[in-house]
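An overview of the molecular structure
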Number of protein chains: 2
Amino acid sequence: MTPTAPARRTGGRSARVRAAVHRAFTELLTERGYGNFAVGDVAERAGVADSSVYRRWGRLDALLMDVLVDRLNTDWPVPDTGGLAGDLREFALNVARGVNGPDALTVLRTVIALLDVEGGEEVRRLFLSQRTGQIEAMLDRARARGERTPEVGDVVDVVMAPMYFRYVFSAGPVDDAYVRKLLERLGVVVF
Amino acid sequence: MTPTAPARRTGGRSARVRAAVHRAFTELLTERGYGNFAVGDVAERAGVADSSVYRRWGRLDALLMDVLVDRLNTDWPVPDTGGLAGDLREFALNVARGVNGPDALTVLRTVIALLDVEGGEEVRRLFLSQRTGQIEAMLDRARARGERTPEVGDVVDVVMAPMYFRYVFSAGPVDDAYVRKLLERLGVVVF
């Protein structure tokens, strides 16, 4: 129940159509790749009329952006383990879990492709501000505890960027050992 | 003359068609975004028959992969400045110049989207092996000179990944000052 509960609160049938269309879109994206299916295919898979998809989203890229904004807006608690090392480790492992899995990687890669087109700028800013906001929250708490803290840009460069590079280019596993190595490079002792 | 010369050597009219189709594809990609144009649009823009595009490439994603493989195979000399710091600095600035520019960013983002589909695996491996091969060559020379050298994975994590992250998500400028900061973090003194 949890994943659909917030959407249902904002309106019965319309929310169910949205969830079904999102799911159908993500499935087709994973199966065929972007550019190899049309709005009509999404409608058919979702079991709704073409016209309801066209009316609400119009083009496929608008639908993709809606799927992504939905994912980004899903509540994702900032870890609070009592120490910066533990917080950053949890955070990085959450990112790893969030981006892992075949459909998540397909969505991420497709989103990157569409950052240039209509709606892409909003998604790009939302993505960056969400991630840096979460990192800032952990760093602020660490500073308040009197811990030595890196800058947010250092966390992005040293921890986030290599994780995303590995994912996007399938350049190696993003696992506990890799996260540990990145955090050690940042100068945050984890274990 | 330089950019088309190697293609011309491998065969007159066919090579000219290929160059025109590649150019038309890249223009449409930048103008409209992937998924918002068809093979027929590329043929029209390139001034060739639809059938010659279909016969040679079939689907749009095969054409995109061909454009990318062409770019990756373009000769790109590994810097040889006599010292690792200078080599890595030149290399990073070359990457910056190569990926900079609006059409290059669009191509990169689109390629990332299509890494999942047919042909994507070849491009992904070509991209990674080309980059790591170039880095290995610089590190090998540095080792032979008796310089203290990082591992290739460290160069990827600390220098390459943050540059690509900044590009792909337009998260900040990738300029001389940024490259210097990344190389200092790697422990290679540049200036």
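Residues numbered from 1 in each chain as written. Chains lettered and ligands numbered in written order. Predicted model: local features only at pLDDT ≥ 70, side-chain atom pairs only at ≥ 80, totals over all residues. Heavy atoms only, no water.

**Details of the overall build of chain A**
Applied cut-off: Each helix corresponds to a stretch of at least 4 residues labelled H or I by DSSP, and each strand to a stretch of at least 2 residues labelled E; elements are numbered beginning at the N terminus. Here, Shrake-Rupley sampling with a 1.4 Å probe gives the accessible areas, and only protein chains in the shown set may cover a residue.
Per the secondary structure count, chain A includes 10 helices and 0 strands. Along the chain direction, N to C, the helices and strands of chain A fall in the order α-α-α-α-α-α-α-α-α-α. Only carbon and sulfur atoms are counted for the fraction: they give 51% of the accessible area of chain A, which is about 9,000 Å².

**Some words on the interface of chain A and chain B**
Let me state the cut-off plainly: In this analysis, two residues are considered to be in contact whenever any of their non-hydrogen atoms come within 4.5 Å of each other. Take the accessible area each of two parts loses on contact, using a 1.4 Å probe, and add the two losses: that sum is the buried area. The rule for a salt bridge is simple: a side-chain nitrogen of Lys or Arg has to be within 4 Å of a carboxyl oxygen of Asp or Glu. Polar contacts, as counted here, are pairs of nitrogen or oxygen atoms within 3.5 Å of one another; within protein the pair requires one atom able to donate a hydrogen and one able to accept it, and residues that are adjacent in sequence qualify only if both atoms are side-chain atoms.
The partner chain B presents 35 residues to the 36 residues of chain A that form the contact. Summing the contributions of chain A and of chain B, the shared interface buries around 3,000 Å²; its carbon and sulfur component is 63%. Counting across the interface, chain A meets chain B through 4 salt bridges. Taking the shortest distance from any N to any O, the salt bridge between Asp 154 of chain A and Arg 185 of chain B comes out at 2.7 Å. There are 10 residue pairs in polar contact (both at pLDDT 80 or more) connecting chain A and chain B. Listed by contribution, the elements that provide at least two residues to the side of chain A that touches chain B are helix H7 (102-113), helix H8 (120-144), helix H9 (152-168) and helix H10 (176-186) of chain A.

**Topic: the relation of the copies chain A and chain B**
Where we set the bar: Superposing copies: least-squares fit, C-alpha atoms only, residues required to have pLDDT of at least 70 in both.
You can overlay chain A on chain B at an RMSD of 0.1 Å; the transform is a turn of 180° with a shift of 0.0 Å along its axis. Such a combination of rotation and displacement between the chain copies is what one expects of a two-fold axis. Closest approach to the rotation axis among the C-alpha atoms of chain A is made by Gly 35 of chain A, whose C-alpha sits 2.2 Å away.

**As for the nonpolar core**
In a soluble, globular protein the nonpolar side chains are often hidden away together inside. For clarity, the threshold we go by: We define a nonpolar core as any set of buried Ala, Val, Leu, Ile, Met, Phe, Trp, Tyr and Cys residues linked to one another through side-chain atoms lying within 4.5 Å. Buried means the residue's accessible area, taken with a 1.4 Å probe over protein chains only, is under 20% of the maximum for its type, while exposed means over 50%, and partly exposed covers the values in between.
Within the largest apolar cluster, 127 residues are counted, with the highest numbers of intra-cluster contacts made by Phe 25, Val 159 and Met 163 of chain A together with Phe 25, Val 159 and Met 163 of chain B. In terms of residue count, helix H9 (residues 152-168) of chain B provides more of this core than any other element does, 12 residues in total. Every residue in contact with Val 159 of chain B, bar those within four places of it in the chain, is listed here: Ala 92, Asp 154, Leu 182, Leu 183 and Leu 186 of chain B.

**Quick look at the UniProt feature "DNA-binding region" (unreviewed entry) in chain A**
What counts is decided by this rule: UniProt positions are given in the numbering used here, feature names are shortened, and annotations may be inferred rather than shown by experiment.
When the UniProt feature table is mapped to this numbering, "DNA-binding region" (unreviewed entry) covers residues 38-57 of chain A. The span residues 38-57 of chain A carries 80% helix and 0% strand; its end-to-end C-alpha distance comes to 12 Å.

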